[in-house]
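Spelled out, the chains give:
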Amino acid sequence: GELIELLWEDKSNESIVGNIYVGRVMTVLPGMSAAFVDIGDNKNAYWYYKNKNSSYKPKVGDEMLFQVEK
């Protein structure tokens, strides 16, 4: 509940690769083993969950930590 670190990024460097976000699952595409996640950016992030070492199946509204890979 306490802010420990605040990083401020200049808009000239817009890469978000490596950033970690608390995101909310907005849409699940079970046939593609993928979901779209709201990470607070102007577009939802795409998450392919089949290749992860878990049997977790996301549901709309789930909130979790995500790290941008590419």
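Residues numbered from 1 in each chain as written. Predicted model: local features only at pLDDT ≥ 70, side-chain atom pairs only at ≥ 80, totals over all residues. Heavy atoms only, no water.

**Q** How would you sum up the nonpolar core? Please name residues and give values.
**A** In terms of nonpolar packing, the biggest core is built from 9 residues, these being Y21, V25, A35, V37, I39, W47, Y49, F66 and V68. The residues touching I39, leaving out its near neighbours within four places in the chain, are I16, Y21, G23, A45 and V68. (Core = buried A, V, L, I, M, F, W, Y, C linked by side-chain atoms within 4.5 Å. Buried < 20%, exposed > 50% of the residue type's maximum accessible area, 1.4 Å probe, protein only. Contact = heavy atoms within 4.5 Å.)

**Q** Which residues make up the side chain of S33, and what are the values?
**A** Locating S33 in the fold gives a position in the loop between β1 (20-29) and β2 (34-38). On the accessibility criterion, S33 (13% relative accessible area) is buried. Those residues in contact with S33, other than ones at most four positions away along the chain, are W47, Y48, Y49 and K50. (Helix = DSSP H or I, 4+ residues; strand = E, 2+ residues; numbered from the N terminus.)

**Q** Give me the environment of P30: which residues, what numbers.
**A** Note that P30 resides in the loop between β1 and β2. For P30 and K50, which are 20 residues apart along the polypeptide, the C-alpha to C-alpha distance reads 9.6 Å.

**Q** Account for the packing of aromatic side chains, with residues named and values stated.
**A** Any aromatic ring pair is given by two values, namely how distant the centres are and how the planes are angled relative to each other. A complete count under the given rule lists 3 aromatic pairs for this structure. With 5.6 Å between their ring centres and 65° between their planes, F36 and Y46 make a pair best called edge-to-face. Here the residue F36 occupies a position in strand β2, and Y46 occupies one in strand β3 (residues 45-48), the gap between them amounting to 10 residues. Look at F36 and you get partly exposed, because its relative accessible area is 30%. We classify Y46 as partly exposed; its relative accessible area is 46%. Summarising the aromatic geometry, the rings of W47 and Y49 are spaced 5.5 Å apart at their centres and angled 50° between planes, so their arrangement reads as tilted. The class of Y49 is buried, set by a relative accessible area of 8%. (Phe/Tyr/Trp six-rings, centres within 6.5 Å; stacked < 30°, edge-to-face > 60°.)

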